[in-house]
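Structural overview for review
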Amino acid sequence: HVGFWDYPTQKKVDALKVSASRVTCIRFIERKQWIVAGTEDGYLHVYSYETRFQKITSLRVGAIENLESRAAHTHLAIHPTQPYLLSVYGFKVKLWDWDVGWECIQTFENEELMTILRVAFNPNDTFATASMDCTVEVWSLDSPEFIYTLVGHSSIVNCLDFFTCDDQEYLVTGSHDQTAKIWDLQKMMCIHTLEAFVSPVMSLLYQPDLQILITGSQDGAIYLWSTRNCGRNYSCPPALNRIIKVGCAGAVYHLACVMGGLLIGKENAVAIIDVDDVNYQEQPTDKSEQQLSACTTHHAGDMSKQEKAWSKSKLLDVHPLELRFPYCPNEPIPCSLHLTNNTDENVAFRLVDKSGKSPWCFTKLPLCGIVPHGSTYTLTVTMKEEMKLKEETDFDLVIQSSLLGDKYIEVFNDQSESDTFFKEAKLFGNMVHEVTLKAVYVQYGEITSEVRWF
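Since the model is a prediction, treat every value here as computed from it, not as a measurement.

Section: the sheet that holds strand β3 (residues 23-29)
- One open sheet accounts for four strands, arranged β3-β4-β5-β6; its pairing is antiparallel. Among the strands making up the open sheet, the edge pair consists of β3 and β6 (54-60). Direction aside, neighbouring strands of the sheet carry axes that sit 20° apart on average.

Brief notes about the sheet that holds strand β17 (residues 180-184)
- On the basis of which strands lie adjacent, the open sheet formed by four strands has the order β15-β16-β17-β18 and antiparallel pairing. The sheet is open, and its two edges are formed by β15 (157-165) and β18 (189-194), each paired on a single side. Taken over all neighbouring pairs, the strand axes of this sheet differ in orientation by 25° on average, direction set aside.
- Across five bridges, the pairing between strand β16 (residues 168-175) and β17 is antiparallel. Across the sheet, residue Y170 finds its bridge partner in β17, namely D184.

Considering the pattern of salt bridges
- Under the defined criterion, the tally for this structure stands at three salt bridges.
- D419 serves as the salt-bridge partner of R350, at 2.9 Å between the closest nitrogen and oxygen. You can see R350 sitting in strand β31 (residues 347-353) and its partner D419 sitting in helix α3 (residues 415-427), a full 69 residues away along the chain.
- We classify R350 as buried; its relative accessible area is 12%.

Overview of the pairing of strand β25 (residues 270-274)
- Examined bridge by bridge, strand β24 (residues 261-265) and β25 share five bridges and lie antiparallel to one another. Bridge pairing in β25 places G265 opposite V270.
- Here β24 folds back onto β25 in antiparallel fashion, the turn holding four residues.

Comments concerning the UniProt feature "repeat: WD" (unreviewed entry) in the protein chain
- Taking the UniProt record as the reference, the feature "repeat: WD" (unreviewed entry) is found at residues 116-149, 150-193 and 194-229.
- Across residues 116-149, helical content stands at 0% and strand content at 59%; the span's end C-alpha atoms are separated by 13 Å.
- Across residues 194-229 one finds 0% helix and 56% strand; the C-alpha atoms that close the span lie 15 Å apart.

Criteria and thresholds
- In every chain, residue numbers begin from 1 and rise along the written sequence.
- In keeping with the model being predicted, local features are shown solely for residues with a pLDDT of at least 70 and side-chain atom pairs are shown and tallied solely at 80 or more, while totals for entire chains, interfaces and linings include all residues.
- To obtain the side-chain values, all non-hydrogen atoms of the structure were included, while hydrogens and water were left out.
- At least two DSSP bridges between two strands are required for those strands to pair.
- Counting from the N terminus, the helices are DSSP H or I runs at least four residues long and the strands are E runs at least two residues long.
- Fitting a line to C-alpha atoms yields each axis, with helices limited to the stretch in contact; the angle taken between N-to-C directions then spans 0 to 180 degrees.
- Any Lys or Arg side-chain nitrogen found within 4 Å of a carboxyl oxygen on Asp or Glu counts as a salt bridge.
- Here's how the labels work: a residue is buried when its accessible area is under 20% of the maximum for its type, exposed when over 50%, partly exposed in between, all with a 1.4 Å probe on protein chains only.
- UniProt positions are given in the numbering used here, feature names are shortened, and annotations may be inferred rather than shown by experiment.

Laid out in structure tokens, this is it:
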């Protein structure tokens, strides 16, 4: 099935059953008002949405030809200006021209017969593919043979995309080896490796207006990297400015810009974060680095001097100290919480409610994670449907934090691992800092939400 949602009302407006097989990829062709859905059985299905949904055609893009390609699924890419669509299935890539009746005008084949996982178009009539053998191949539309191969990842490449900076073209790739790499296409070599991740990189997106590289990982975290100071030829690597984690579970499988927002496709939910008011500003940090700050009005405003002095005396700078939940009938209510690591070591944290009342009012609490040194981690605390809190609540919400020290922990796989870590920290006399938070219910109109849910 393919579901259709109305963005302003956040309501599902229609659904199509396009196949008996699982849908693995979907693309809009906006200039034609079409959608194209790729399915696990090697078909693509084209529908028009100009007035009402009408099927245009279905095409066979591939077949399971041997045991090695049984892990295959259909992946699609749309050329930004030409009437071309690339389909991937098994170890073959096909180029389709919809202006000549969806004719297949070229077939590209991996000479090692290795399953191809992803494909991305470059506007200059080249494209790139990521294969099961951990390599990336760059192709021309004019030839069935690839131009060159990029080698550097030590595990499967999950995502890739082209972007332009200072009139130079680059390719960025994300891998199961927990790195993202930036490739200079003229030199045909990797110029930067981003290694701050604690789980596989599953998706990525470059936002040219804000000069941000956005990556999504298997543990559900979204990393924002500034390319503002990279300079010509990317002489300086992108700087990690913030880590965001929204409240729904699962890996970040897809990222996209939509109507001024950042769309985050996860396992069982889609979230959209406002990015219209996100700007780079100098922050008074010890490291004198640029931090990404959201200039919005959905929180209680800037922290007071007293709040700053109190929270910065801890391992983590916590903002806001007052969680303001807006009135939102019959819907979960999210509120963002920003944790900035003030140390030169990684810091573990967990958000707990010592009163024990959170299961009745909050979803997925306690929350836990690890904030890398010099980074900001954003998590979303979500209140259940219309829990009308009083101005002063008797919740005992606390952010607990402790240095990881010599413990090599990449990510807490579940709550029990976090509980064990903090139990051992107290047992061995390691300092566990606490910051108390207040939850406040706000009447409709006083506040607007940062995250919109589908």
